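Listed below are the residues making up each chain.
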Amino acid sequence: MNLETIISICLGIGLAASVGFRVFLPLFALSLSSYFNVLDLNDSWQWIGSLSALIILGVATLVEIFAYFIPYIDNLLDSIAVPLAAFAGTVIMLSTVVNLSPEMTWALAIIAGGGTAAAISGTSSAARLTSTVTTGGIGNPLVSTVETGTAFIMSLISIVLPIFALILVVLILFIVFKFYKKFKRPKV
């Protein structure tokens, strides 16, 4: 495995983690980066860098961000966000990983991309639900702001410093694990 492959894997995992917070923002960042030739995507995924994909993903990003600021609508969105995040995380990994066999690429995309995105999205949904229950939805815009900011920062770091992004993903997954353990009920 060469350095280009390792960097492409780190990029994919970093963007997949970002998908766990906002589904369309990392896809828009990937599209923007490809459109301006900052990143090269796999041949079959070049369409992500097209002008039409850029516009569609840009609009979807804005709609998603604003919709998450509406209490109770955000919880409704969370019900579809986890499977959508898993799918988008898989797509991001497929589009960024280079120089691996199709079998390895798909396995990595499903496990690392989809799994990372789903784990973070599930925890994010639980945090929002907790906020809804404890604050009556008043605290949800703060949760949304943190999630959007994290998705933006993770997307940017993933594109600019992919290896550092992988380190941040490990840190985020550690926090997710601690969050899960904190709220996991002991068996009686």
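Concerning the packing of helix 1 (residues 3–19) against helix 5 (residues 102–135)
Then comes step 1: Packing of helix 1 against helix 5 leaves a shortest axis separation of 7 Å and a crossing angle of 30°. The orientation of helix 1 with respect to helix 5, classified from their angle, is roughly parallel. With respect to the hand of their crossing, helix 1 and helix 5 are arranged in right-handed fashion. Contacts from I9, I13, A16, A17 and V19 in helix 1 reach L108, A112, G113, T116, A117 and I120 in helix 5.

Re the environment of A165
Then comes step 1: With respect to the helices, strands and loops of the structure, A165 is situated in helix 7 (residues 162–183).
Then comes step 2: Taking the C-alpha atoms as reference points, A165 and C10, 155 residues apart in sequence, are found 6.8 Å from one another.
Then comes step 3: Discounting chain neighbours no more than four positions away, the residues touching A165 are G14, M154, I157 and S158.

A few points about a nonpolar patch on the surface
Then comes step 1: On the surface, M1, L3, I6, I7, F152, I153, L156, V160, L161, I163, F164 and I167 cluster together into a nonpolar patch covering about 1200 Å² of accessible area.
Then comes step 2: Secondary-structure elements contributing two or more residues to the nonpolar patch are helix 1, helix 6 (140–160) and helix 7.
Then comes step 3: Here the nonpolar patch takes four residues from helix 6, the largest share from any one element.
Then comes step 4: If you trace the backbone, L3 turns up in helix 1.
Then comes step 5: Overall, L3 belongs to the exposed group, its relative accessible area being 57%.

Let's talk about helix 1
Then comes step 1: With 17 residues, helix 1 extends 24 Å from end C-alpha to end C-alpha; this agrees with the ideal 24 Å at 1.5 Å per step.
Then comes step 2: Most of helix 1 sits out of view: 13 of its 17 residues are buried.

What about the environment of N140?
Then comes step 1: With respect to the helices, strands and loops of the structure, N140 is situated in helix 6.
Then comes step 2: Here N140 falls in the buried class, since its relative accessible area comes to 1%.
Then comes step 3: When neighbours within four sequence positions are excluded, N140 is seen to be in contact with P71, D74, N75, R128, S131, T132 and T135.
Then comes step 4: Within the structure, N140 has its side chain in polar contact with the side chain of T132 (distance 2.7 Å).

Notes on the nonpolar core
Then comes step 1: In terms of nonpolar packing, the biggest core is built from 37 residues, with L30 and M93 touching the most fellow members.
Then comes step 2: For this core, the secondary structure elements donating two or more residues are helix 1, helix 2 (24–35), helix 3 (51–67), helix 4 (73–96), helix 5, helix 6 and helix 7.
Then comes step 3: Those residues in contact with M93 that lie beyond four places of it in its chain are I9, G12, I13, L108, A109, A112 and G113.

Rules of the game
- Residues numbered from 1 in each chain as written.
- Predicted model: local features only at pLDDT ≥ 70, side-chain atom pairs only at ≥ 80, totals over all residues.
- Heavy atoms only, no water.
- Axes fitted to C-alpha atoms, helices over the stretch in contact; angles between N-to-C directions.
- Helix = DSSP H or I, 4+ residues; strand = E, 2+ residues; numbered from the N terminus.
- Parallel < 35°, antiparallel > 145°, perpendicular 65-115°, else oblique.
- Left-handed = near helix turned anticlockwise from the far one by under 90°.
- Contact = heavy atoms within 4.5 Å.
- Patch = residues over 30% accessible without salt bridge, like charges linked within 9 Å, V, L, I, M, F, W, Y side chains within 5 Å.
- Areas by Shrake-Rupley, 256 points an atom, 1.4 Å probe, with all protein chains shown as cover.
- Salt bridge = Lys/Arg side-chain N within 4 Å of Asp/Glu carboxyl O.
- Buried < 20%, exposed > 50% of the residue type's maximum accessible area, 1.4 Å probe, protein only.
- Expected span 1.5 Å × (residues − 1).
- Polar contact = N/O pair within 3.5 Å; in protein donor to acceptor, adjacent residues only side chain to side chain.
- Core = buried A, V, L, I, M, F, W, Y, C linked by side-chain atoms within 4.5 Å.

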